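Fold and geometry: a report
Okay, here's what each chain looks like letter by letter:
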There are 2 protein chains.
Amino acid sequence: MRILISFYLIFSSVAQLRAQDVYKDMRARWLEKARQATPELRETVKQPIGVVSMERDVKAFQGWRAAPRHPIDSLYTGSFKKKSGIVLDFGEHLTGHFTFSVDNIRGVADAPLRFKFTFAEVPAEAMMPYDPYQGTLSRAWLQDEIVTLSEVPATYTFSRRLAFRYVKIELLGSSRYSDFRITHVEAKATTSVTSTPDALAPGTNPMIADIDKIGLTTLKECMQTVYEDGPKRDRRLWIGDLYLEALANAYSYKNHTLTKRCLYLLAALSNDKGYLNGNVFEKPTPHPQANVLLDYALLYNLVLKNYLEATGDKETVIDLWPVAVKQLEIAKPYIQKNNLLDYEKAGHDYWLFFDWREGLDKQAALQGLVIHAYRETYALAKLLGKEKDVAELPSLVQTLTKAARKNLYDPTLKVFVSGPSRQVSFASQAWMVLGGVATKAEGAQAFRALSAVKSVVYPGAPYLYHYVLEAMIQCDLKAESKTLMMNYWGGMVSKGADTFWEVYDPLNDYLTPYNAFVVNSYCHAWSCTPVYFIRKYPEVFQQ
Amino acid sequence: MRILISFYLIFSSVAQLRAQDVYKDMRARWLEKARQATPELRETVKQPIGVVSMERDVKAFQGWRAAPRHPIDSLYTGSFKKKSGIVLDFGEHLTGHFTFSVDNIRGVADAPLRFKFTFAEVPAEAMMPYDPYQGTLSRAWLQDEIVTLSEVPATYTFSRRLAFRYVKIELLGSSRYSDFRITHVEAKATTSVTSTPDALAPGTNPMIADIDKIGLTTLKECMQTVYEDGPKRDRRLWIGDLYLEALANAYSYKNHTLTKRCLYLLAALSNDKGYLNGNVFEKPTPHPQANVLLDYALLYNLVLKNYLEATGDKETVIDLWPVAVKQLEIAKPYIQKNNLLDYEKAGHDYWLFFDWREGLDKQAALQGLVIHAYRETYALAKLLGKEKDVAELPSLVQTLTKAARKNLYDPTLKVFVSGPSRQVSFASQAWMVLGGVATKAEGAQAFRALSAVKSVVYPGAPYLYHYVLEAMIQCDLKAESKTLMMNYWGGMVSKGADTFWEVYDPLNDYLTPYNAFVVNSYCHAWSCTPVYFIRKYPEVFQQ
């Protein structure tokens with residue numbers, strides 16, 4: 001009897017294992033589709049434009065300012081021994097490989113040379129000491145590399161791909177019996193962008209034009225063989241970043257094949273239940289980080305719908321439709337009898353992201369996002385003629401909306417609230433609007449009311465600012481939307497950004513989710529969406 | 001008129017330039033001969049034998065002792081995060097390339113890994129801080145390398161060739177969200193040695209046997225595509241090291257083709273006057289360090305003679321005979337009317353090496369070396385039937401010898417003296433004996449008298465110990481020679497040497513010519529000559 005039970009258990013667990021992988025017959029094909037859609041990277045050789053002096057300046061972003069000092073010729077002229085600590089400026093943010101060459105100028109090198117190269121996206125990153133390192137992310141993200149050259153002349157290319165505008169070069173070892181100079185440096189910059197977006201309307205506010213330009217650069221730098229979140233860090237495909245990048249791409253570079261590749265990659269690398277992992281890696285072979293973010297998983301469906309609308313490529317979207325249907329399931333178990341999502345339990349089982357801001361209560365945001373995703377997925381089903389697959393969605397949207405209006409709106413304060421402390425936040429207003437819980441008028445009223453709420457929780461990073469801005473525009477808060485963009489993204493422009501940052505708080509240059517601001521990414525995809533707003537809503541931003 | 005003068009000057013200087021290169025028709029052919037003689041390197045894959053604990057021990061060489069700790073399996077088992085600082089022991093000195101592999105053991109790497117590897121020939125080199133560096137040679141010789149791995153799993157091979165027994169691995173950066181282990185390390189060790197030397201006589205003193213074994217390893221490690229001086233530093237062909245390595249090779253590995261290659265390389269890369277540069281480099285293309293060492297240049301002729309005697313390869317030696325004749329000229333201008341060499345002037349014009357010991361007066365050593373080289377070159381001429389080319393040598397040897405006996409021998413002290421202060425040194429006795437200035441009896445008497453001379457200048461490095469030992473053997477000081485080897489080279493053995501060191505003072509473990517003992521070479525060719533002595537003089541060392 002015991003043996004029989006054991007056999008039964010073994011058999012059933014094997015059967016279960018096989019049954020577990022809902023996409024078992026599709027993964028290989030999806031991965032191959034992703035591979036076929038891999039873009040060729042466009043390589044451009046770039047030269048530094050000059051040598052800069054990094055100066056302490058309390059008024060500058062993070063206390064450092066890059067002051068032009070010498071034309072780049074001065075790098076190549078004469079002994080490098082007296083130039084240790086020199087900082088080169090490429091004049092723009094680059095992603096790619098760095099090469100330098102050295103040659104003898106007195107005698108012959110009778111010993112190796114040892115250099116430290118520090119690659120920096122922003123000035124402080126070139127100048128602040130990295131050690132002792134207290135950050136919560138790997139110290140290895142920081143782009144300081146030590147290299148030994150055994151012979152001279154030599155040409156050396158760093159095997160590591162780097163993201164930078166500034167390059168600091170320090171000489172750590174050389175022979176006193178010979179001398180050398182650096183004869184050449186160059187960066188081989190890569191991107192999968194090959195097109196040029198349409199120009200903005202003549203007369204567009206110059207700050208908006210600058211924001212657009214920097215947003216385009218940010219997006220271009222992140223568009224490699226996937227939509228990366230940031231080319232310095234984390235250099236990978238996250239669903240949340242994909243959603244925003246694909247939006248921005250649809251209104252600028254229109255490289256829809258890259259979007260297709262990312263949709264397939266994520267599908268192929270989802271977990272056995274069919275739930276999408278929050279992020280995936282391309283190298284050494286495509287693989288996921290096994291970690292489902294509930295809000296990101298649902299955003300996938302929005303990417304799919306936007307992709308269909310931008311391309312009309314029904315074949316791809318129908319191929320991936322089962323994935324969209326599957327993502328709906330993730331949230332369902334958390335819908336309580338009162339039709340509010342149990343966000344505490346969901347947050348225990350999955351990572352709920354929404355924003356970096358600590359202390360943000362995510363009840364309202366989650367309720368709004370689920371409603372939004374369900375409604376959009378149903379709209380997608382209609383485009384595909386697949387309404388039957390998701391027939392329950394319209395009523396779910398209705399009941400969830402009703403519960404949200406009943407429980408999450410404060411009719412006295414005229415704002416949406418979240419959690420037992422009835423927290424008031426930008427996140428809650430944004431997602432209640434995007435979910436269609438608030439009417440335009442209520443949304444506008446709520447946003448306007450926020451400034452009077454003392455304890456209002458502000459967004460902690462550009463990612464949430466995107467959703468706030470989208471919601472404000474939907475509430476016809478045109479002037480306010482433009483002002484927000486001018487103040488927030490324009491704030492980065494005024495502080496010298498070449499690309500938009502992962503984290504930006506106008507009041508705190510040193511804000512970091514990682515306990516080390518130097519490890520922040522200063523070219524981060526989720527900050528690029530002004531590109532989308534400016535071009536989608538010309539009546540708001542190009543007037 | 002002015003123009004005419006200018007033309008004349010230009011013409012004459014061009015003519016002079018061309019006329020200057022005495023070997024202009026031969027260099028390319030010599031370089032090609034050197035290329036043809038390049039040995040294939042034999043590669044052997046080596047695994048570490050264990051993990052050691054580096055312990056402070058005042059009795060140990062340079063204060064550090066490697067104590068066996070764990071079998072090597074412990075490196076590969078479990079997370080590497082808790083193993084930072086681990087020191088691997090390969091159990092022997094290796095020269096070559098180091099490779100390691102990593103793989104995930106928890107989650108997937110969501111960030112790069114950053115390591116510091118320190119490769120050490122001796123224990124202290126693995127443990128002493130290198131910075132701030134006060135050495136006079138390039139800091140870049142020290143074998144600490146920082147490496148960033150952007151993906152996991154990964155296999156990384158250091159592009160730099162390394163020389164080491166111990167490898168310290170420190171983890172400088174990793175993700176807290178995943179974990180990894182080192183799955184494999186190996187060294188691809190190279191040497192051009194392919195043969196096995198004859199065994200020593202049964203009953204050879206165990207310490208002599210140990211010295212022989214370590215000498216053989218030292219030589220093997222230095223025999224790469226040239227006779228290097230040291231595989232860690234300076235990794236190149238010096239004439240002085242070549243002389244000693246070729247001697248040792250002739251009595252052990254018998255790879256005479258390597259000697260031939262080195263003879264051709266040096267000839268091809270001599271200066272326009274035909275004088276040999278003290279050292280040459282193979283990479284990136286063969287080139288010399290333009291620096292003539294007077295004593296080294298003359299030693300070339302001895303290498304040539306020894307090569308002929310070992311191989312009978314007259315074709316090569318006759319091809320290079322003009323070089324030998326040319327080297328004789330370097331010393332000639334310094335022969336004064338009294339037939340003593342003006343060693344101060346010679347030392348001003350050229351580097352006179354002989355030994356690292358500061359304060360060594362080099363008059364007697366130079367006089368002895370010139371006589372020795374002239375006599376040996378004449379002997380070589382006789383072997384080639386080329387006496388007419390160097391007909392003046394016999395009389396020069398006679399007059400130089402006579403002057404040395406008259407001026408440099410102190411009949412009261414019964415020792416040879418050097419310089420105006422009448423300095424007494426091992427170097428002077430050795431070279432007066434090798435030059436044949438001293439009779440066997442006088443030489444023996446002089447060496448025996450040294451211990452009573454309070455201010456006697458001892459050798460500063462194994463290089464000079466070689467000449468001292470050779471001279472002592474020539475004076476039939478058999479027991480004393482064996483004692484010297486047992487004490488000096490045996491001292492290194494007792495202190496744990498795997499290979500013999502560039503610098504060794506029994507009384508000072510920290511002796512360094514470079515103001516940083518960690519940059520000393522601990523596998524240095526010029527220390528390998530016990531191999532030669534033990535095998536050439538079995539009656540002295542194998543009894």
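Residues numbered from 1 in each chain as written. Chains lettered and ligands numbered in written order. Predicted model: local features only at pLDDT ≥ 70, side-chain atom pairs only at ≥ 80, totals over all residues. Heavy atoms only, no water.

**Some points on the side chain of Lys 305 of chain B**
Residues and elements named next belong to chain B. By the element assignment, Lys 305 lies in helix H8 (residues 294–311). At 2.8 Å, the side chain of Lys 305 and the side chain of Glu 376 are in polar contact. Not counting the four nearest positions on each side in its chain, Lys 305 is found in contact with Glu 376, Ala 379 and Leu 380. (Helix = DSSP H or I, 4+ residues; strand = E, 2+ residues; numbered from the N terminus. Polar contact = N/O pair within 3.5 Å; in protein donor to acceptor, adjacent residues only side chain to side chain. Contact = heavy atoms within 4.5 Å.)

**So, the interface of chain A and chain B**
With 38 residues of chain A at the contact, the number on the chain B side is 38 residues. Note on chain A versus chain B: buried area summed over both sides is about 3000 Å², and carbon and sulfur give 53% of it. For the interface between chain A and chain B, the tally reads 2 salt bridges. Of the charged contacts, one joins Arg 114 of chain B and Asp 144 of chain A as a salt bridge, the two residues approaching to 3.1 Å between their closest N and O atoms. At the junction of chain A with chain B, the criterion picks out 12 residue pairs in polar contact (both at pLDDT 80 or more). Secondary structure elements with two or more residues in the side of chain A that touches chain B: strand E5 (113–120), strand E6 (144–149), strand E8 (162–173) and strand E12 (287–289) of chain A. (Buried area = accessible area lost by both parts, 1.4 Å probe. Salt bridge = Lys/Arg side-chain N within 4 Å of Asp/Glu carboxyl O.)

**Brief notes about the relation of the copies chain A and chain B**
With an RMSD of 0.0 Å, the fit of chain A onto chain B corresponds to turning through 180 degrees and sliding 0.0 Å along the axis. Interpreted geometrically, this transformation is the action of a two-fold axis. Judged by C-alpha distance, Ile 146 of chain A is the residue of chain A that lies nearest the rotation axis, at 3.0 Å. (Least-squares fit on C-alpha atoms with pLDDT ≥ 70 in both.)

**Focus: the packing of helix H11 (residues 363–384) of chain B against helix H13 (residues 426–434) of chain B**
Residue and element names in this part refer to chain B. The interhelical angle for the contact between H11 and H13, taken along N-to-C directions, is 20 degrees, at an axis separation of 8 Å. Our classification of the angle between H11 and H13 gives roughly parallel. Pair H11 / H13 crosses with left-handed handedness. Contact residues: H11 offers Ala 364, Ala 365, Gln 367, Gly 368, Leu 369, His 372 and Arg 375, while H13 offers Ala 427, Ser 428, Trp 431, Met 432 and Leu 434. Taken together, the residues of the contact of H11 with H13 break down into 7 nonpolar, 4 polar and 1 charged. (Axes fitted to C-alpha atoms, helices over the stretch in contact; angles between N-to-C directions. Parallel < 35°, antiparallel > 145°, perpendicular 65-115°, else oblique. Left-handed = near helix turned anticlockwise from the far one by under 90°. Nonpolar A, V, L, I, M, F, W, Y, C, P; charged D, E, K, R; others polar.)

**Brief notes about the environment of Ala 248 of chain B**
Residues and elements named next belong to chain B. Following the sequence through the fold, Ala 248 ends up in helix H6 (residues 239–250). Of the residues examined, Ala 248 reaches a relative accessible area of 0% and is grouped as buried. Linking Ala 248 and Gly 215, residues 33 residues apart in sequence, is a C-alpha distance of 8.9 Å. When residues no more than four places from it in sequence are discounted, the contact partners of Ala 248 are Leu 219, Cys 528, Val 531 and Tyr 532. (Buried < 20%, exposed > 50% of the residue type's maximum accessible area, 1.4 Å probe, protein only.)

**Brief notes about the sheet that holds strand E10 (residues 237–238) of chain A**
Neighbouring strands of a sheet are bound in pairs by backbone hydrogen bonds; such pairs are parallel or else antiparallel. In spatial order, the strands read E10-E11-E12 (chain A); together these 3 strands make up an open sheet with antiparallel pairing. The sheet is open, and its two edges are formed by E10 and E12 of chain A, each paired on a single side. (Pairing = 2+ DSSP bridges.)

**Let's talk about the domain arrangement of chain A**
All names here are of chain A. Per the domain assignment, the segments making up chain A are domain 1 (42–191) and domain 2 (209–541). Centre-to-centre, using C-alpha coordinates, domain 1 lies 37 Å away from domain 2. Taken together, the contacts link 27 residues of domain 1 with 28 residues of domain 2. Between domain 1 and domain 2 the total buried area reaches about 2500 Å² when both faces are included, carbon and sulfur atoms providing 56% of it. (Domains from an automatic or database assignment.)

**Description of the packing of helix H11 (residues 363–384) of chain A against helix H12 (residues 393–408) of chain A**
All names here are of chain A. At a minimum axis distance of 9 Å, the contact between H11 and H12 shows a crossing angle of 155 degrees. Considering their axes alone, H11 and H12 lie roughly antiparallel with respect to each other. Considering how the two elements wind past one another, H11 and H12 form a crossing that is left-handed. Contacts between H11 and H12 involve Gln 363, Ala 364, Gln 367, Val 370, Ile 371, Tyr 374, Arg 375, Thr 377 and Tyr 378 from the first element and Leu 393, Pro 394, Leu 396, Val 397, Leu 400, Thr 401, Ala 403, Ala 404 and Leu 408 from the second. Grouping the constituent residues of the contact of H11 with H12 by class yields 13 nonpolar, 4 polar and 1 charged.

**Description of the pattern of salt bridges**
Under the defined criterion, the tally for this structure stands at 58 salt bridges over all chains. Measuring nitrogen to oxygen at the nearest pair gives 3.3 Å for the salt bridge that ties Lys 440 of chain B to Asp 476 of chain B. With Lys 440 of chain B in helix H14 (residues 440–450) and Asp 476 of chain B in the loop between helix H15 (462–474) and helix H16 (478–494), this pair connects stretches of sequence that are 36 residues apart. When salt bridges that share partners are traced, they join Arg 114 of chain A together with Asp 131, Arg 139 and Asp 144 of chain B into one network.

**As for the packing of aromatic side chains**
Scanning the model with the defined rule gives 104 aromatic pairs over all chains in all. The structure contains a cluster of three or more aromatic residues connected by ring pairs, namely Trp 238, Tyr 243, Tyr 296, Trp 351, Phe 353, Phe 354, Trp 356, Trp 431, Tyr 463, Tyr 467, Tyr 514 and Trp 526 of chain A. (Phe/Tyr/Trp six-rings, centres within 6.5 Å; stacked < 30°, edge-to-face > 60°.)

**Focus on the sheet that holds strand E12 (residues 287–289) of chain B**
Residues and elements named next belong to chain B. Spatially, 3 strands are ordered E10-E11-E12 in an open sheet, and the strand pairing comes out antiparallel. The open sheet has two edge strands with one neighbour each: strand E10 (237–238) and E12. Alignment of strand E11 (residues 279–281) against E12, held across 3 bridges, turns out to be antiparallel. If you follow Asn 279 over to E12, its bridge partner there is Gln 289.

**Some words on H16 of chain B**
All names here are of chain B. With 17 residues, H16 should cover 24 Å at 1.5 Å per step; its first-to-last C-alpha distance of 22 Å lies within 8% of that length. Maximum bend of H16: about 25 degrees, positioned at Tyr 488. Of the surrounding elements, those touching the buried residues of H16 are helix H5 (206–222), H15, helix H17 (530–536) and helix H18 (538–541). Of the residues one or two after H16, Gly 496 is the one with positive phi, at around 95 degrees. (Expected span 1.5 Å × (residues − 1). Bend = angle between axes of the 7 residues up to and from the residue.)

**Some points on the UniProt feature "domain: Glycosyl hydrolase family 78 alpha-rhamnosidase N-terminal" (unreviewed entry) in chain A**
As annotated in UniProt, the feature "domain: Glycosyl hydrolase family 78 alpha-rhamnosidase N-terminal" (unreviewed entry) corresponds to residues 48–189 of chain A in the numbering used here. Here residues 48–189 of chain A is 6% helix and 54% strand, with 12 Å between the C-alpha atoms at its ends. (UniProt positions renumbered as here; feature names shortened; annotations may be inferred.)

**Thoughts on unusual backbone geometry**
Look at the link from Val 152 of chain A to Pro 153 of chain A: it is a cis peptide, with omega at 0 degrees. As for its placement among the helices and strands, Pro 153 of chain A is situated in the loop between E6 and strand E7 (154–157). With omega at -5 degrees, the peptide bond leading from Asp 131 of chain B into Pro 132 of chain B counts as cis. Residue placement: Pro 132 of chain B occurs in the loop between helix H4 (123–127) and strand E6 (144–149). Residues other than glycine seldom take positive phi values, yet Asp 476 of chain A does so here, at roughly 60 degrees. Classification of Asp 476 of chain A as partly exposed rests on a relative accessible area of 44%. The backbone of Asn 515 of chain B sits at a positive phi, close to 65 degrees, despite the residue not being glycine. Take Asn 515 of chain B: it is sitting in the loop between H16 and H17.

**Thoughts on H5 of chain B**
All names here are of chain B. Along its 17 residues, H5 runs 24 Å from first to last C-alpha, staying within 8% of the 24 Å computed at 1.5 Å per residue. Buried-residue contacts for H5 involve strand E4 (86–106), strand E9 (179–191), H6, H16, H17 and H18. For H5, the N-terminal cap is Asn 205; the gap from its side-chain oxygen to the backbone nitrogen of Met 207 is 2.7 Å.

**Structural notes on the confidence of the model for chain A**
Residues and elements named next belong to chain A. Chain-level statistics for chain A give a pLDDT mean of 95 and a share of 97% at 70 or above. This model gives residues 1–18 a pLDDT under 50, and the stretch forms 1 contact once residues within four places in sequence are excluded. Predicted complex metrics record ipTM = 0.93 and pTM = 0.94. (pLDDT = per-residue confidence, 0-100.)

**Topic: the environment of Glu 145 of chain A**
On the secondary structure map, Glu 145 of chain A appears in strand E6. Residue Glu 145 of chain A is classed as buried on the basis of its relative accessible area, which comes to 8%. Setting aside residues up to four positions removed in sequence, Glu 145 of chain A forms contacts with Phe 115, Lys 116, Phe 117, Phe 158 and Arg 160 of chain A together with Arg 114 and Thr 148 of chain B. There is a polar contact of 2.5 Å between the side chain of Glu 145 of chain A and the side chain of Arg 160 of chain A. Among the polar contacts listed, one links the side chain of Glu 145 of chain A to the side chain of Thr 148 of chain B, at a separation of 2.6 Å.

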